[in-house]
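Here is how the chains run, residue by residue.
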Amino acid sequence: ITLKPLEEKNVILPVLVDSSTPNGDYSMNVRIFKDDILKGSDTFEFSVRENPDLAGKDSYNSFFLRSSVTIMRENTGNVEVKKKIKHPITFLQSIFTRTNPKGTMFVNEEGRYYEWSFTLLPGQTYRIDIIADYTWFFIFIVLILIALVLYIYLKNKELKLVKEVFKLHTHSKGSSELKVLLHITNKGSREIYTAKVMDFLPRYGPAEIDYGTLRPTKVDETGGDKRLLWE
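In this numbering scheme, every chain counts its residues from 1 along its sequence in written order. Reporting of local features is limited, given that this is a predicted model, to residues whose pLDDT is at least 70; pairs of side-chain atoms are given and counted only at 80 or more, and all residues count toward the totals for whole chains, interfaces and linings. Excluded from the side-chain calculations are hydrogens and water; all other atoms, namely the structure's heavy atoms, are used.

Regarding the overall build of the chain
Argument step 1. What counts as a helix is a DSSP run of H or I of at least four residues, what counts as a strand is a run of E of at least two, and both are numbered from the N terminus. Check the secondary structure of the chain and you find 2 helices and 14 strands.
Argument step 2. This radius of gyration counts C-alpha atoms alone. The globule rule is 2.2 Å times how many residues there are, raised to the power 0.38. For 231 residues, the compact-globule formula gives about 17 Å, and the C-alpha radius of gyration of the chain, at 47 Å, lies well above that figure.
Argument step 3. The principal-axis extent of the C-alpha atoms belonging to the chain is close to 155 × 35 × 30 Å.
Argument step 4. A burial count over the chain gives 17% of its 231 residues as buried.
Argument step 5. We call two residues in contact when some of their heavy atoms are within 4.5 Å. A sequence separation of at least 24 residues applies to 52% of the contacts in the chain between residues at least 6 apart.
Argument step 6. Split by element, the accessible area of the chain, about 18900 Å² in all, is 56% carbon and sulfur.
Argument step 7. Charge convention: Lys and Arg are scored as positive, Asp and Glu as negative, and His as well as the terminal groups of each chain are ignored. For this purpose, a charge sits on NZ of Lys, CZ of Arg, CG of Asp or CD of Glu. Between the mean site of the 32 positive side-chain charges and the mean site of the 29 negative ones, the chain shows a separation of 10 Å. When a residue's accessible area, from a 1.4 Å probe over protein chains only, is under 20% of the maximum for its type it is buried; when over 50% it is exposed; and in between it is partly exposed. Only the protein chains shown count as cover for residues, and the accessible areas themselves come from Shrake-Rupley with a 1.4 Å probe.

What follows is the structure, encoded as structure tokens:
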């Protein structure tokens, strides 16, 4: 500082106080030197007020079948801070989501969300990790699709059998002449070998049978009933 004779100057001295400095009264000592010789000193009082300052940072990461949210809060002030954090979430997401620390689930007019309540002292940090993992759900869906494809594939290989019975006419003695048709269809895409078809003719009295296009490989009679087998 340069002073002319009888000159007076006002000097502004900036006081840099860390934001985490506890609130209260403090003293500052000022000394004046000329040619390294102490010429005078004085003490000034000043106060640090409460500074409830909370810094925050949120980060989001997304991968295949997995996503995460990290919420960071740091008390950069000089007093204790109480805080609540809410994170909205859907019902489907809540099934596959875990949190650390564990959040409290609320469902009300505001919607569905997790909530955390915490207290931070000056300099303390609070971290929340929210992880949604759909891996097992994806595996379950894949297994269901594989089972469905196998079911359709195996079902398409089955034989389809339709039986039709027609009444041709009735004889004068009261007996009837019937025509029975067995429709066999290969529903698959490959040839099927060694298939067997079995049908039964109940006993209603003596009957004459004309097998038409394909005679059965074997005919068994049990108690008058006929079991017909085609191979």
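The rest of the description comes next.
Concerning the sheet that holds strand 3 (residues 54-63)
Argument step 1. Between any two strands, at least two bridges found by DSSP are needed for them to pair. Spatially, the 4 strands line up as an open sheet ordered 3-4-9-6, and their pairing is antiparallel. With partners counted over all chains shown, the strands left at the sheet margins are strand 3 and strand 6 (97-100), one partner each. Averaged over all neighbouring strand pairs, the angle between strand axes comes to 10°, with direction disregarded.
Argument step 2. Relative to strand 9 (residues 125-133), strand 4 (residues 66-75) runs antiparallel, the two sharing 9 bridges. In the sheet register, Arg73 faces strand 9, and the bridge partner there is Tyr126. Helix axes are fitted only over the stretch in contact, all axes being lines through C-alpha atoms; the angle between N-to-C directions runs from 0 to 180 degrees.

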